[in-house]
Amino acid sequence: MTEVNAGDRVAVPVLGYACGSCEYCISGWETLCAKRLSVGYFVDGTFAEYVKANAKFVGKVPQGIDPLDAAPLTCAGLTTYKAVKVSATRSSDLVAVFGVGGLGHLAIQYATIAGAEVVAVDLIDEKLKLAKNLGAAHTVNAKESDPVEEIKKLGGADAAICVGVSPKAFEQAYKSLRRGGTLVFVALPADNHVQLPIFETVVNGITIKGSFIGNRVDLAETFELHAAGKTRVERETRKLEDVNDAFDEVDSGKVKARLVFDLR
């Protein structure tokens, strides 16, 4: 069987390999496979003009999608699309997205596509303006207002998706939920712990889920939505020789959304 042919446009996602036969793989949760290999960690990554990848795990990029859009869609798009799926968002829901950036600006769009009313939370007004432009019905600057109070005024969030890189954002996202709400962990802060109450989690029926990237079907659907003109990627381009400076830009919080290396 040939998965791809010479000349096909493909994208290399984080999931570089899974066994294909365990209970997780055969039930569509290949990202939980114990033998999973992540590109850039256990499989050689990119940041190069050429890369070798397992043909079974690359994603075919539909015609009409700019390769500079395909790159962030394969990472940030796939990750947040899956997170919205995991949150079980419905058209009647209020969804809070904590963190508007490379991940958050896409999470807002996917939640909106699902029919939810979205409230975006960030610390930077420019990012909140972007959130409004991308469909957020409400925005909260957490430097100026308590996001928990503001979201509670709206009735509380049915789901909160946390892509902010601070444990405090996770804790605020939890507190913003209404009874029966769902909190989805996505971001991976350097400080690896949060403090959440057990009692309130139990009596209020709160669900906490972790969402790690997505599978090959999720990636295909992510591309389909973009090809249909339903999503927009906010990005800036850099040259590969500037890769170290690009890392510094991201670490210092100077990047509005996503940086993409243009190898053309």
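Scroll up a little and you will see the structure.
Residues numbered from 1 in each chain as written. Predicted model: local features only at pLDDT ≥ 70, side-chain atom pairs only at ≥ 80, totals over all residues. Heavy atoms only, no water.

Examining the pairing of strand 7 (residues 138-141)
Rules: For two strands to be treated as a pair, DSSP must find no fewer than two bridges joining them. Going along the chain from the N terminus, every DSSP run of H or I of four or more residues is numbered as a helix, and every run of E of two or more is numbered as a strand. Consider the strands pointing away from the viewer: the crossover is right-handed when the path from the first strand over the helix to the second runs clockwise.
Note: strand 6 (residues 117-122) against strand 7, four bridges, orientation parallel. Across the sheet, residue Ala120 finds its bridge partner in strand 7, namely Thr139. Since strand 6 and strand 7 lie parallel, the crossover through helix 4 (residues 125-133) that links them has a hand, and here it is right-handed.

Some details on the sheet that holds strand 9 (residues 177-185)
Just so we agree on the cut-off: Angles here are taken between N-to-C directions and fall from 0 to 180 degrees, while the axes themselves are lines fitted to C-alpha atoms, restricted in helices to the stretch in contact. Residue contacts are defined here by distance: any two heavy atoms, one from each residue, within 4.5 Å place the two residues in contact.
Across the sheet, which stays open at both edges, the six strands sit in the order 7-6-5-8-9-10 with parallel pairing between neighbours. In this open sheet, the two strands that pair with only one neighbour each are strand 7 and strand 10 (207-210). Averaged over all pairs of adjacent strands, the angle between strand axes in this sheet comes to 20 degrees, irrespective of strand direction. Lying over the sheet, helix 4 contacts strand 6 and strand 7, oriented at roughly 170 degrees with respect to strand 7.

Here's the deal with the nonpolar core
This is how it is decided: Nonpolar cores are built from buried Ala, Val, Leu, Ile, Met, Phe, Trp, Tyr and Cys residues. Side-chain atoms within 4.5 Å join them into one set. Buried residues are those whose accessible area, probed at 1.4 Å on protein chains only, stays under 20% of the maximum for their type, while exposed residues exceed 50% and partly exposed ones sit between those limits.
Counting residues in each nonpolar core, the largest one holds 36 residues, and the members touching the most others are Val95, Val97, Ile108, Tyr110, Ile161 and Phe223. Looking at this core, the elements that each hand over two or more residues are helix 2 (67-86), strand 5 (94-98), helix 3 (104-113), strand 6, helix 4, strand 8 (157-162) and helix 8 (216-227). With eight residues, the top contributor of residues to this core is helix 2. By size, the runner-up hydrophobic cluster in this structure holds 18 residues, among which are Leu94, Val119, Ala157 and Ala187.

Digging into the packing of helix 2 against helix 8
Rules: Roughly parallel refers to an angle under 35 degrees, roughly antiparallel to one over 145, roughly perpendicular to one between 65 and 115, and oblique to any angle outside these ranges. For any pair of crossing helices, the crossing counts as left-handed if the nearer helix is rotated counterclockwise from the farther one by less than a right angle, and right-handed if it is rotated clockwise. Residue classes follow a fixed rule: Ala, Val, Leu, Ile, Met, Phe, Trp, Tyr, Cys and Pro count as nonpolar, while Asp, Glu, Lys and Arg count as charged, and any other residue, Gly among them, counts as polar.
Relative to each other, helix 2 and helix 8 sit at 110 degrees, their axes nearing to 9 Å. Here helix 8 runs roughly perpendicular to helix 2, going by the angle between their axes. Between helix 2 and helix 8 the crossing geometry is right-handed. On helix 8, the residues touching Asp69, Ala70, Leu73, Thr74, Gly77, Leu78, Tyr81, Lys82 and Lys85 of helix 2 are Asp218, Leu219, Glu221, Thr222, Phe223, Leu225 and His226. Classifying every residue of the contact of helix 2 with helix 8 gives seven nonpolar, four polar and five charged.

Side note on helix 3
Most of helix 3 is tucked away, with eight of its 10 residues classed as buried. Burial in helix 3 covers these residues: Gly104, His105, Leu106, Ala107, Ile108, Gln109, Tyr110 and Ala111. Its buried side turned inward, helix 3 meets helix 2, strand 5, strand 6, helix 4 and helix 8. Looking at the residues trailing helix 3, positive phi occurs at Gly115, about 100 degrees.

Thoughts on the side chain of Ser176
Note that Ser176 resides in the loop between helix 6 (167-175) and strand 9. When near neighbours in sequence (up to four residues on either side) are disregarded, Ser176 contacts Phe98, Val148, Ile151, Lys152, Gly156, Ala157 and Ala160.

Overview of the pairing of strand 11 (residues 235-238)
Along any regular strand the residues' side chains alternate between the sheet's two faces. As defined by bridge partners, strand 11 adjoins strand 12 (residues 258-261) across four bridges and the pair is classed as parallel. Counted as the bridge partner of Arg238 is Phe261 from strand 12. As a crossover connection, the stretch from strand 11 through helix 9 (residues 243-251) into strand 12 is right-handed.

Details of the pattern of salt bridges
Quick note on the threshold: By definition, a salt bridge exists where a carboxyl oxygen of Asp or Glu is found within 4 Å of a side-chain nitrogen of Lys or Arg.
Inspection of the entire model under this criterion finds 15 salt bridges. A salt bridge links Glu234 to Arg232; the shortest N-O distance between them is 3.0 Å. Given the relative accessible area of 39%, Arg232 is considered partly exposed. Notably, a salt bridge pairs Arg238 with Glu236, separated by 3.2 Å at the nearest N-O pair. By sharing partners, the salt bridges in this structure join Lys82, Lys85, Asp218 and Glu221 into a single network.

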